[in-house]
Amino acid sequence: MTSVTASTPADGASLPAASDAARDRTLLRAVLALGIGGFSIGTGEFVIMGLLPEVAKDIGATIPQAGHVISAYALGVVIGAPVLAVLAAGWNRRALLIALMGVYALGNFASAMAPGYGSLNLLRFFTGLPHGTYFGVAALVAATLAPPGQRARAVGLVMLGLTGATLVGVPIAAWLGQVFGWRAAFVFVGLIALLAMAMLRRGVPDMPAASGASPMRELGALRRPQVWLTLGIGAIGFGGMFAVFSYIKPTLIEVAGLSLGAVPFVLALFGLGMVTGNIVGSRLADKSLMRTIGGLLVWSVVVLIGFVFAAHHVVTAGLATFFLGTIVAIGAPLQIRLMDVAGEAQTLAAALNHSAFNTANALGAWLGGVAITAGLGWTSTGWVGALLGLAGLGIFAWSLKAERRSATPTVGTVAAERA
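Residues numbered from 1 in each chain as written. Predicted model: local features only at pLDDT ≥ 70, side-chain atom pairs only at ≥ 80, totals over all residues. Heavy atoms only, no water.

Asker: Any details on the nonpolar core? Residues and values, ideally.
Answerer: One finds L34, Y134, L200 and F238 to be the most contacted residues of the largest nonpolar core, which totals 85 residues. The contacts of L200, once residues within four sequence positions are left out, are A33, L34, R94, L97, I98, M101 and Y134. With 18 residues, the next largest nonpolar core counts V47, L51, L52 and A66 among its residues. (Core = buried A, V, L, I, M, F, W, Y, C linked by side-chain atoms within 4.5 Å. Buried < 20%, exposed > 50% of the residue type's maximum accessible area, 1.4 Å probe, protein only. Contact = heavy atoms within 4.5 Å.)

Asker: Talk me through empty space enclosed by the protein; I want residue IDs and the actual numbers.
Answerer: On inspection of all chains with the given rule, the structure shows two cavities of 30 Å³ or more. Of the volumes computed, that of the largest cavity is approximately 80 Å³. If you go around the largest cavity, the residues you meet are G44, E45, I48, M49, V69, I70, Y73, A74, R124, N358 and N361. Taken together, the elements giving at least two residues each to the lining of the largest cavity come down to α1 (20–46), α4 (68–87) and α19 (346–373). It is α4 that provides the largest number of residues to the lining of the largest cavity, a total of four residues. Looking at the lining of the largest cavity residue by residue, the classes come out as six nonpolar, three polar and two charged. (1 Å grid on protein atoms, 1.4 Å probe; cavity = no way out; pocket = protein on both sides within 12 Å on 5 of 7 lines; lining within 4 Å. Points joined across faces, edges and corners; volume = space filled by probe spheres on them. Helix = DSSP H or I, 4+ residues; strand = E, 2+ residues; numbered from the N terminus. Nonpolar A, V, L, I, M, F, W, Y, C, P; charged D, E, K, R; others polar.)

Asker: An account of the confidence of the model for the protein chain is requested, with residue identities and associated values reported.
Answerer: Here the protein chain averages 84 in pLDDT, and 89% of its residues register 70 or above. Counted against residues more than four places away or in other chains, residues 1–8, with its pLDDT under 50, gives 19 contacts. In the predicted structure, residues 414–419 sits below a pLDDT of 50 and forms ten contacts with residues beyond four places in sequence or in another chain. (pLDDT = per-residue confidence, 0-100.)

Asker: Hey, could you go over the packing of helix α7 (residues 131–145) against helix α8 (residues 151–165) for me, with residue numbers and the actual values?
Answerer: The N-to-C vectors of α7 and α8 enclose an angle of 140 degrees; their axes lie 8 Å apart at closest approach. The angle between the axes of α7 and α8 places the two elements in the oblique class. Handedness of the α7/α8 crossing: right-handed. Taken together, the residues of α8 that come into contact with α7 (itself represented by F135, A138, A139, A142 and A143) are R151, A154, V155, V158, M159 and L162. Across the contact of α7 with α8, the residue classes tally to ten nonpolar, no polar and one charged. (Axes fitted to C-alpha atoms, helices over the stretch in contact; angles between N-to-C directions. Parallel < 35°, antiparallel > 145°, perpendicular 65-115°, else oblique. Left-handed = near helix turned anticlockwise from the far one by under 90°.)

Asker: So, the pattern of salt bridges: which residues are in play, and what are the values?
Answerer: Evaluated as defined, the whole model comprises five salt bridges. Note that D206 is salt-bridged to R94, the shortest N-O span being 3.9 Å. With a gap of 112 residues between them, D206 in the loop between α10 (182–203) and α11 (215–219) and R94 in helix α5 (residues 93–111) connect regions that are remote in the sequence. Across the pair D286 and R153 runs a salt bridge, and its minimum N-O distance is 3.9 Å. (Salt bridge = Lys/Arg side-chain N within 4 Å of Asp/Glu carboxyl O.)

Asker: Can you tell me about the packing of aromatic side chains, naming the residues and giving the values?
Answerer: All told, the structure shown has nine aromatic pairs when counted by the stated rule. Arranged with centres 3.9 Å apart and planes meeting at 10 degrees, the rings of F245 and F270 form a pair that is stacked. A residue pair is termed long-range when its members are at least 10 positions apart, and F245 in helix α13 (residues 239–245) and F270 in helix α15 (residues 263–287) qualify at 25 residues. Ring plane angle 65 degrees and centroid distance 5.4 Å describe the contact between F322 and F323, whose orientation is recorded as edge-to-face. A relative accessible area of 19% places F322 in the buried class. (Phe/Tyr/Trp six-rings, centres within 6.5 Å; stacked < 30°, edge-to-face > 60°.)

Written as structure tokens, this is what we have:
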């Protein structure tokens, strides 16, 4: 049996040496458990978008008012990620993940019993609180357990639970919501979260927090310019995908001439694109992190401009929707980048990645709506998205320039570029 030296992850925790086969088994069990948690979160986040008419009718609100529950959840993610990451800085990793998933299960079960508009919004906000911290800590655990040179791939496997939810979890939950009422969809999500808790208990090794971890040390991440620049890339550069996807259904129907019944099949292509992009993006990031981030930003601009022209025909609109989903490939690389530039403040930086993505969601959807309201047409969202992608490229260039000026570039970035 060939042994390997103990690895020291970015957050400073250490694991004992183990054989390659034992390490692979440990990683597989952990990633599966972490991915089931991500599957639950992804299903709970996206299923409500397909059940708004049912929710609105049941709680006595208009569809736009019912849409506020989506915003309430996103706000919970944005606020909960930094707050919980800081407060739980010294927690055991496995215990923290189980606790976060427990909060998520409770929030979904409670959402299923919400009596009205106000309570549902409050409960969706509460449910969103553990989202970002869960994925941030899950990414740290996966990266710690991964073999050398495969951190991004391990993080990508965890994120596969989130992207895979758009293909499997959301359709099942939506079907349950249509047949048994929208509340059944949240019960389904809560049950998956309970399953994830059991799998986390069995599959994730007992991993203490990094030595010396504390709320003040985590807050130290906010003093690092590269952390803010990386978050800016995600919050702005990733917003282009949401500018288009937020209005994909009416665009497919009004511009491409797609029938209403065919929309779910085309949207499945978006989910397939997300899964594909997540796998490819994480593998490329392990080879060259910064080149992958820059290349994916360029790719997003090309895809978003192409959507403007492809949206006018059913076949090309379907292909464009698939490629739109691949833009999510930038998620794992940005997660690794944050780990590299955060120093000892790993938990907060990793969690903030998901605050940035939810900011991108809100920003992209808002700007896309502004363009449509201004009478520029449904496909104008592609131009809006391309401009956001270019802005992300600008921030990326700023980050590179600032790092080159620094006398001490991050160790993780240097290692990634040499690889």
